[in-house]
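Close look at the chain arrangement
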Amino acid sequence: MLGSTRIKTEIPGPRSRELMERRKGAVSAALAAPLPIFASEAKGALLTDVDGNTFIDFTGGIGCINVGHADPRVVERVRAQAERMTHTCFGVVPYEPYVELAEKLNELVPGSSEKRSAFFNSGAEAVENAVKISRSYTGRNGVLAFENAFHGRTLLAMTLTSKIDPYKKNFGPFAPEVYRVPAPYPYRCPAQKDCSNGCRGNCLDLLTRGFVGTFDPENLAAIIVEPVSGEGGFIPFPDFYLRKLRELCDEYGIVLIADEVQTGFGRTGKMFAIEHAGVEPDIVTTAKSMASGLPLGGVTGKKEIMDAVHQGGLGTTYGGNPLACAASLAVLETFEKEDLLGRAERLGERVQGAMRDLQAKYPDTLGDVRGIGPMAAMEVVTDRESREPDKALMARIVENALGEGLLLITAGQFSNVIRTLMPLVIEDDELDEGFAILDRAIAAATS
Ligand SMILES: Cc1ncc(COP(=O)(O)O)c(C=O)c1O
């Protein structure tokens, strides 16, 4: 088999090292730098660095490239749009691609209710606006979020996020009226129950107990949930838990926000992850793969909720920029024409199968394998019994994989989770090669 990777230099190569020095002299040291290479170009599931080394990309720029790098439809539609017009501000002179995208998302977001959409620049902005809309609609101010949640880094989104280092440390005071309850995490059950035969939702009690001691459900504007926690370590919420959230929201008049920024656009084998549970949320937030990495965040929700805000109450200069909308329309066309959901489902089986094989080979190191479809993860631990997270070992695995041509990123409260966010269009031989590299990376890191 002809390998997809081409490692021609030591990693990082000389040009990447040179750019890293320039970066140090020019760019804030506060920005993360998990991989020491610099990108030059990318196509499909392969990324080439400035030294001519080609890597298999299991990161997709943190889940933004589900249709593949440089998808021809995205490239062509963005180019054509750029030639016509790059910006007018939708709030000043509107344009068709924005409306067309809203129409399409209103159709795609689950549930039969009439929908409306609004666009912003990022996932965090989508979350901020979803909360503003919920508050305006309900006239309440509380928001309930979960442990392991990640909703972004702006003030309110950061407050909703549930990891101190690096996201919240030194950045207080946080936004008021945000409450938090434990999230289902069968491998590390917050109710300290044995979930080895499947989560039975013991932690649901912790939520309803909060109604008594911590927050008034009748003052909650919204409950925000990632159907599969993303940065938190790819931990799926069980279907029955999401259905229970729907029931509670109906009972108390709370807006249910599904944050699908990372889970959306086929990542779990369906267009939106919440579809697996058969739940209709009131609002869905989107970003990332929606526009194949161009800055775009979306809020799509029930008409009466989305229209409750006074006119002019929502908006931003660039939100729903024509280039980003054009990219997103191309993404949706590619999903349809290339049957990407079908591909995602098959990919999910292969990815989870490969992870289980690795777990059988390294039972002490790979404590848990979980996920839905190709949104899958393995938890790296010191040993099977203690389940102690092993962040240092995880870092060695990432470094070894990089040296052999595989890009990986981590996740989880303890930064010890290997997650897969490869483009859904990855070829079978690229996937096999990626997992073969991962196998060697684990072997070398544990020997
Ligand atoms: C579920 C979820 N919500 C919100 C965000 C924030 O998106 P952005 O980085 O575009 O602000 C992310 C980013 O990883 C995410 O995974």
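Residues numbered from 1 in each chain as written. Predicted model: local features only at pLDDT ≥ 70, side-chain atom pairs only at ≥ 80, totals over all residues. Heavy atoms only, no water.

**Things to note about the sheet that holds strand β6 (residues 178-181)**
The mixed open sheet is built from seven strands, whose spatial order is β4-β12-β11-β10-β7-β5-β6. Where the open sheet ends on each side, the last strands, each with one partner, are β4 (115-120) and β6. Pairs of neighbouring strands in the sheet enclose a mean axial angle of 20 degrees, with direction left out of account. Here strand β10 (residues 255-259) pairs with strand β11 (residues 283-286) via three bridges, running parallel. Within β11, the residue paired with A258 across the bridge is V284. Together, β4 and β12 (297-302) form the strand contacts of helix α4 (residues 96-108), whose direction differs from that of β4 by roughly 130 degrees. (Pairing = 2+ DSSP bridges. Helix = DSSP H or I, 4+ residues; strand = E, 2+ residues; numbered from the N terminus. Axes fitted to C-alpha atoms, helices over the stretch in contact; angles between N-to-C directions. Contact = heavy atoms within 4.5 Å.)

**A word on the domain arrangement of the protein**
The domains assigned to the protein are domain 1 (14-67 + 340-446) and domain 2 (73-337). Placing a centre on the C-alpha atoms of domain 1 and another on those of domain 2 gives a separation of 25 Å. With 37 residues of domain 1 at the interface, the matching set in domain 2 holds 34 residues. Between domain 1 and domain 2, a total of about 3,000 Å² is buried, with carbon and sulfur atoms accounting for 57% of that surface. When the area that domain 1 buries against domain 2 is broken down by residue, the three leading residues are I372, M375 and Q413, summing to 25%. At the junction of domain 1 with domain 2, the criterion picks out two salt bridges. As a salt-bridge pair, R419 and E231 come within 2.8 Å of each other at their nearest N and O atoms. One can count 22 residue pairs in polar contact (both at pLDDT 80 or more) joining domain 1 with domain 2. Among the secondary structure elements, those contributing two or more residues to the side of domain 1 that touches domain 2 are α2 (60-63), α11 (340-361), β13 (366-372), β14 (375-380) and β17 (417-419). With five residues, the top contributor of residues to the side of domain 1 that touches domain 2 is β13. Of the residues assigned to the side of domain 1 that touches domain 2, the class counts are 20 nonpolar, ten polar and seven charged. (Domains from an automatic or database assignment. Buried area = accessible area lost by both parts, 1.4 Å probe. Salt bridge = Lys/Arg side-chain N within 4 Å of Asp/Glu carboxyl O. Polar contact = N/O pair within 3.5 Å; in protein donor to acceptor, adjacent residues only side chain to side chain. Nonpolar A, V, L, I, M, F, W, Y, C, P; charged D, E, K, R; others polar.)

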